[in-house]
Amino acid sequence: MQEPFSRSGTLIDCNTSLSTDFNYEPKNSKKDRTTLLNLLEILKPNTKSRLSWFIITFFVTWYNAVMTPIRIFIMGPNKVPEKIIFIGTAIDIIFVLDAIFCFYMPYIDNDTRLIVTSRTQIRKRYLNSTAFYLNIVSCVPVLEIPFTLIFGAYYNVTTVMTFEIIRMTRLLHFQVVFDEFKNFSSRKGPINVSVFRMVVILFCTQLFMCIFGSIYFGLSSSSVADICPGSNLYEENLKDMELWITSDNVIVDVMDPTVCESKQDGKPDCNDCPHVLFFLRSVYFLMQTLFTIGYGDAVVPTKLDTEVAVTCLFMLFGVFGYGLIIANMTSVLSNIDVVNMRFRHEMDSLHLWLKFRSAPASISHKIDMCFHYLERTQYGVLDQNLFEGLPNQLTREITKSNMVLLERVPFINPQYRSKTFLSNISLALIRRIYPPSSIVIHEGEKQRELLIVKRGKVDLYVKSCSEVVATLVENDYFGDCPLLFGTSNEVKGISPGFSEILALPFNKFKKFMDCSSHTDVDSWSSVSNTVSMEDPGAKKTAEVSRMQMDKIFSYVFNLKTHAR
């Protein structure tokens, strides 16, 4: 059965206005619009589905960064196994999908901190960003297969190398992925920036060794036409050359037929080209160089200038790497758990106070959960403490995102109200934290306050139905009709998890409306404390509210009909 949906793709609330932010350009069929809504919902920031996609792109980018140098410098452009080519083609397709998904990927606006789901705005932002051109370049290698089929014999080594080099530009995707991981982790609690930076440094270090290990192997064997000749050609082509690979005993045991054939136990086939062994030994040699461990019985030949120069360059990188890791480790040790330790001390004091007051265990548990939630989301800084003492103009700038939320309410919409009115109302909003299973909206009561969901969600129920009939999601609102007309709530709202609600209480709203110097509403009655229906904003509020309530009760009626 079809359920009523909100602008973000979830169930709507009875007093939520129709969306004007979400534009469908062209007008597709109902099925296409539903598919698009689902895609936008899946790719919303800080959702597990979006995180899963970025995890996939992280691993394919890492595989591409490691395997491409191996294909170029160890395997050789024309000797890549078919299995590796197939995997590479699949990865090329994933990068094409990622480029397409970016056209439908909602983002958080830097100024308002709200999630933007408008296709027009998403597309405009993406097309004007560097990420778009990076993704275009990243998608070029997908043309390699049709290029091969079309040009055939003219498809030479240079062309292959060009596609492989283009694949290396995908390394720049790591910055976007790490930013996404950092934003997602920050929702669970404060992030120790030093620890996160150390993780990134260690990851980049291992990636550096994998990439430049392959590059070093290719440069050290650049004078050899074929690094993997038949075993009978080993002595003729390689044995007499002063190369690092010919002085590495492990490689010699495989490549030299006189040694390989006498050590068959546990060794690979003497006629195979041990690409994995080449890669591992190259990374091992690079680690010996970077970390100044020493080479043991292996030394760098002095007659090959390229090899010596590259080795010296790696040693220089190692010095800078040491300094970077040591400096960041000092920052990690000096800042680790400082914030959490202070929070634990404050919570211990709170628990002693609650125990002294003989507070019930259930109440103590809810208070404990609220403070832990505040610590995770606001780092323990309360709004009233932050705004206290700040100039009014600066406070208005900070609460600018609240003004954007208020514009969705018909009565406060800029079409009917001035910017001054909107700004003053935004300053009157207070933030509330509701723990799981808390009642946010009381059915049948004149609650008389406007509620805007800042974070989390609120499930709506009616007396005649035990199921959830609607859900308020982030940026949705409720209570404008009771606030303006003094009517009773027709639904009950329960927070299934933690919810942050911006509330406009009636006492602050009344005080503001009674002050004629701050309002541009002439239809407010100080006697009945209501707004007249002659006001166009109030009239629009009533119309939208009635329409949404009709949808709610129609949905409930259909539920009961199908249940019979």
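The structure presented is a predicted model; accordingly, all values stated were derived computationally and were not measured.

Asks: Explain the overall build of the chain to me, please; I cannot follow it from the model alone.
Replies: Helix and strand counts for the chain stand at 24 helices and twelve strands. Relative to its 564 residues, the chain shows a buried fraction of 45%. Restricting the contact set of the chain to residue pairs at least 6 apart, pairs at least 24 apart contribute 71%. Of the accessible surface of the chain, which amounts to about 30100 Å², a share of 61% is contributed by carbon and sulfur atoms.

Asks: Just checking my understanding: could you explain the confidence of the model for the chain for this structure?
Replies: The predicted coordinates of low-pLDDT regions are not to be read in fine detail. Overall, the prediction assigns the chain a mean pLDDT of 75, with 71% of residues at 70 or greater. Across the chain, strand 9 (residues 492-495) holds the top mean pLDDT of 90, while helix 10 (residues 234-239) sits lowest at 54. Long-range and interchain partners of residues 1-31, a stretch whose pLDDT sits below 50, account for 96 contacts in this model, where long-range means more than four residues apart.

Asks: Sorry, what's going on with the packing of helix 3 (residues 82-101) against helix 5 (residues 130-139) here?
Replies: Packed helix pairs are specified by the crossing angle of their axes together with the interaxial distance, meaning the distance between the axes. Their axes nearest at 9 Å, the elements helix 3 and helix 5 cross at an angle of 155°. The angle between the axes of helix 3 and helix 5 places the two elements in the roughly antiparallel class. Where helix 3 crosses over helix 5, the handedness of that crossing is left-handed. Side by side, helix 3 and helix 5 meet where F95, V96, D98 and A99 of the first sit next to N135, S138 and C139 of the second. Partitioning the contact of helix 3 with helix 5 into residue classes produces four nonpolar, two polar and one charged.

Asks: I'm lost on the sheet that holds strand 5 (residues 449-455) in this one. Help?
Replies: Strands pair in a sheet through their backbones, by hydrogen bonds, and they do so in one of two ways: parallel or antiparallel. Ordered in space as 3-10-5-8, the four strands form an open sheet in which the pairing is antiparallel. Among the strands making up the open sheet, the edge pair consists of strand 3 (430-434) and strand 8 (477-478). The sheet contact formed by strand 5 and strand 10 (residues 499-505) spans six bridges and is antiparallel. Note that in strand 10 the partner of L450 across the bridge is L504. Most of the contacts of helix 23 (residues 506-514) go to strand 10, to which it runs at about 40°, and overall it touches strand 3 and strand 10.

Asks: Mind showing me how you'd approach the pattern of salt bridges here?
Replies: Any two side chains of opposite charge can pair, so long as their charged atoms come close to each other. Under the definition given, this model contains eleven salt bridges. One salt bridge in this structure joins D535 and R417, with 2.5 Å as the shortest N-O distance. With a gap of 118 residues between them, D535 in the loop between strand 12 (530-531) and helix 24 (536-563) and R417 in the loop between helix 20 (400-406) and helix 21 (419-427) connect regions that are remote in the sequence. For the residue pair D535 and R417, the accessibility class agrees, reading buried in each case. The salt bridge partner of E449 is R432, with a shortest N-O separation of 2.9 Å. Linking E449 in strand 5 with R432 in strand 3, this pair joins segments that are 17 residues apart in sequence. Judged by its relative accessible area of 23%, R432 is partly exposed. Because the salt bridges share partners, they merge into one network encompassing R71, D92, E164, R167 and R170.

Asks: Got a minute to help me understand unusual backbone geometry in this structure?
Replies: Leaving glycine aside, a negative phi is the common case for residues, and trans is the common case for peptide bonds. Backbone geometry places S358, a non-glycine residue, at a positive phi of 55°. The class of S358 is exposed, set by a relative accessible area of 62%. Of note in the backbone geometry, R448 takes a positive phi value of approximately 50° without being a glycine. Examined against the element boundaries, R448 turns out to sit in the loop between strand 4 (438-441) and strand 5.

Asks: Would you take a moment to explain the nonpolar core for this structure?
Replies: The nonpolar side chains of a soluble globular protein tend to be buried with one another. Within the largest apolar cluster, 36 residues are counted, with the highest numbers of intra-cluster contacts made by F58, I70, F178, F181, L207 and F279. Contributing elements (two or more residues each) for this core: helix 2 (48-75), helix 8 (173-186), helix 9 (193-220), helix 14 (275-290) and helix 15 (305-335). Excluding residues within four positions of it along the chain, L207 makes contact with W62, A65, V66, L171 and F174. Grouped together as the second largest cluster of nonpolar side chains are 28 residues, L483, F509, W524 and V531 included.

Asks: Is there a simple way to explain the packing of aromatic side chains in this structure?
Replies: What characterises a pair of aromatic rings is the spacing of the ring centres plus the angle enclosed by the ring planes. Evaluation of the coordinates by the stated rule reveals 20 aromatic pairs. Between F178 and F203 the ring centres are 5.6 Å apart and the planes differ by 75°, which places this aromatic pair in the edge-to-face class. Of this pair, F178 sits in helix 8 while F203 is found in helix 9, placing the two residues 25 residues apart along the sequence. Note on accessibility: F178 and F203 belong to one class, buried. One aromatic cluster in this structure is built from F58, F59, F174, F178, F181 and F203. The residue whose ring lies beneath R417 is F421, and the NZ or CZ to ring-centre distance is 5.9 Å.

Asks: When you look at helix 23 in this model, what are you seeing that I'm missing?
Replies: In an α-helix, one turn spans 3.6 residues, which is why side chains three or four residues apart end up on the same side. For helix 23, the complete set of buried residues consists of F506, F509, F512 and M513. Projection of helix 23 onto a plane perpendicular to its axis shows the buried side chains occupying an angular sector of 130°, all on one side. Every exposed residue of helix 23 that faces more than 90 degrees away from the buried side is listed here: N507 and K511. Where helix 23 is buried, its residues meet helix 21, helix 22 (480-485), strand 10 and strand 11 (524-525).

Asks: For this particular structure, what's the right way to read the side chain of S495?
Replies: Within the secondary structure layout, S495 lies in strand 9. Classification of S495 as buried rests on a relative accessible area of 0%. Within polar-contact distance, the side chain of S495 engages the side chain of S499 at 2.7 Å. Beyond its immediate chain neighbours, meaning those up to four positions away, S495 contacts Y434, P435, P436, S437, S438, V440 and K457.

Asks: Explain the packing of helix 2 against helix 14 here, please?
Replies: Close contact between helix 2 and helix 14 brings their axes to 11 Å; oriented N to C, the two are set at 110°. Between helix 2 and helix 14, the interaxial angle falls into the category roughly perpendicular. Across the interface between the two elements, V66, I70, I74 and M75 from helix 2 touch H275, F278 and F279 from helix 14. Split by residue class, the contact of helix 2 with helix 14 holds six nonpolar, one polar and no charged.

Calculation criteria
- Residues numbered from 1 in each chain as written.
- Predicted model: local features only at pLDDT ≥ 70, side-chain atom pairs only at ≥ 80, totals over all residues.
- Heavy atoms only, no water.
- Helix = DSSP H or I, 4+ residues; strand = E, 2+ residues; numbered from the N terminus.
- Buried < 20%, exposed > 50% of the residue type's maximum accessible area, 1.4 Å probe, protein only.
- Contact = heavy atoms within 4.5 Å.
- Areas by Shrake-Rupley, 256 points an atom, 1.4 Å probe, with all protein chains shown as cover.
- pLDDT = per-residue confidence, 0-100.
- Axes fitted to C-alpha atoms, helices over the stretch in contact; angles between N-to-C directions.
- Parallel < 35°, antiparallel > 145°, perpendicular 65-115°, else oblique.
- Left-handed = near helix turned anticlockwise from the far one by under 90°.
- Nonpolar A, V, L, I, M, F, W, Y, C, P; charged D, E, K, R; others polar.
- Pairing = 2+ DSSP bridges.
- Salt bridge = Lys/Arg side-chain N within 4 Å of Asp/Glu carboxyl O.
- Core = buried A, V, L, I, M, F, W, Y, C linked by side-chain atoms within 4.5 Å.
- Phe/Tyr/Trp six-rings, centres within 6.5 Å; stacked < 30°, edge-to-face > 60°.
- Lys NZ or Arg CZ within 6 Å of the ring centre and 35° of its normal.
- Arc of directions from axis to C-beta.
- Polar contact = N/O pair within 3.5 Å; in protein donor to acceptor, adjacent residues only side chain to side chain.

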